[in-house]
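Architecture and fold: a report
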Amino acid sequence: MSAKIHQFTCLQDNFGVLLHDPETGATAAIDAPEALAVEGALKSTGWKLTDILVTHHHSDHTDGIPELKRKYGCRVVGPRAEANRIADLDETVAEGDTVKAGSLVARVIDTPGHTSGHISFWFEADKIAFVGDTLFSIGCGRILEGSAEIMWNSLLKLRALPDETQFFCGHEYTASNVAYARTIEPDNAALLARADEVTKLRAAGKPTLPSTIGAEKKANPFLRADIAAVAASIGLAGATAEKVFAKLRAGKDTFRG
Ligand SMILES: [Zn+2]
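To keep things clear, this report deals only with the structure shown in the data block. Keep in mind that what you see is a predicted model, and the values were worked out from it rather than measured.

Across the junction of Leu209 and Pro210, the peptide omega takes the value 5 degrees, indicating a cis bond. By secondary structure assignment, the location of Pro210 is in the loop between helix 6 (189-203) and strand 14 (211-212). We note that Ile138 has phi near 65 degrees; this positive angle belongs to a residue other than glycine. Along the chain, the position of Ile138 falls in the loop between strand 11 (135-136) and strand 12 (139-140). A relative accessible area of 1% means that Ile138 is categorised as buried.

Take a look at the structure:
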């Protein structure tokens, strides 16, 4: 049986996600923004928390860990490179390691840049990836502990996942990301279609995630920094992808859409 997912919103604009393995009953929370919201999700699904998989150390991804661990005795797995910044870790992992949630198997991908030790979890057989604050729909995370080059390389790793991979991320930022992306590629048909879809989803109070790697490759400017038209649109024709990406990211940092 394949994985089941329950996505919910919490805090201001965070996503929480539960990943459930029907075969074993295992349930993993991907990050733990706040204990109360995760518990509410557990109650509504009837699933029992067995694991927390942590993408990075930021408090809006980890604040719920101590209380959830105390109540459920769940195992907490997180990035080895941030082990000293996350409380209550039982296991640490890094690039190439595998993590199981019941019978579901994830490969760990190092995706630094937003934070220095950020990791993503790729459940290859289930065609699902949890990318934390590295990749958003039509956007990417802020570079808080790294360089543009480091972040670009992390995004290239996620871009290389199969097109049909569904990814879940840490925040509902898509509408703002779309507004910025339209200033970069105003005529990109895939982006305009996504813009319509996002407007409809938000008007209906629905989340805009998950998205797929294939869809983002066509519409997300941060995955398109090596495309000539994107470079030209920000006055960097012929520049390296790293330079184009750096300027795209800097532009979003100050964008008020
Ligand atoms: Zn973060």
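Looking at the zinc ion, one finds its protein donor set to be His56 (NE2), His58 (ND1), His114 (NE2) and Asp133 (OD), positioned 2.2 to 2.3 Å from the metal centre. Classification of the site at the zinc ion rests on its 4 donor atoms, whose angles at the metal span 89 to 172 degrees, yielding the label irregular. Here the donor residues of the zinc ion are spaced in sequence according to H-x1-H-x55-H-x18-D. Of this pair, His114 sits in the loop between strand 8 (104-110) and strand 9 (119-123) while Asp133 sits in the loop between strand 10 (128-130) and strand 11, and the two are 19 residues apart along the sequence. With respect to burial, His114 and Asp133 carry one shared label: buried.

The geometry of helix 4 (residues 148-159) relative to helix 9 (residues 241-253) is characterised by a closest axis approach of 9 Å and an angle of 100 degrees between their N-to-C directions. By the angle class used here, helix 4 and helix 9 are roughly perpendicular. Judged by residue contacts, Ala148, Glu149, Met151, Trp152 and Leu155 of helix 4 engage Ala241, Glu242, Phe245 and Ala246 from helix 9. A breakdown of the residues in the contact of helix 4 with helix 9 according to their chemical character gives 7 nonpolar, no polar and 2 charged.

Moving on, we get to the side chain of Glu172. Along the chain, Glu172 turns up in the loop between strand 13 (166-168) and helix 5 (174-184). Here Glu172 falls in the buried class, since its relative accessible area comes to 13%. At 3.5 Å, the side chain of Glu172 forms a polar contact with the side chain of Arg202. Among the polar contacts listed, one links the side chain of Glu172 to the side chain of Thr208, at a separation of 2.7 Å. With residues near it in sequence (within four places) discarded, Glu172 still touches Asp13, Phe15, Arg202, Lys206, Pro207 and Thr208.

About the cut-offs
Residues numbered from 1 in each chain as written. Predicted model: local features only at pLDDT ≥ 70, side-chain atom pairs only at ≥ 80, totals over all residues. Heavy atoms only, no water. Helix = DSSP H or I, 4+ residues; strand = E, 2+ residues; numbered from the N terminus. Buried < 20%, exposed > 50% of the residue type's maximum accessible area, 1.4 Å probe, protein only. Donors = N, O, S within 2.8 Å, 3.2 Å for Na, K, Ca; no water. Tetrahedral: all angles 85-135°; square planar, octahedral: opposite > 155°, others 65-115°. Axes fitted to C-alpha atoms, helices over the stretch in contact; angles between N-to-C directions. Parallel < 35°, antiparallel > 145°, perpendicular 65-115°, else oblique. Contact = heavy atoms within 4.5 Å. Nonpolar A, V, L, I, M, F, W, Y, C, P; charged D, E, K, R; others polar. Polar contact = N/O pair within 3.5 Å; in protein donor to acceptor, adjacent residues only side chain to side chain.

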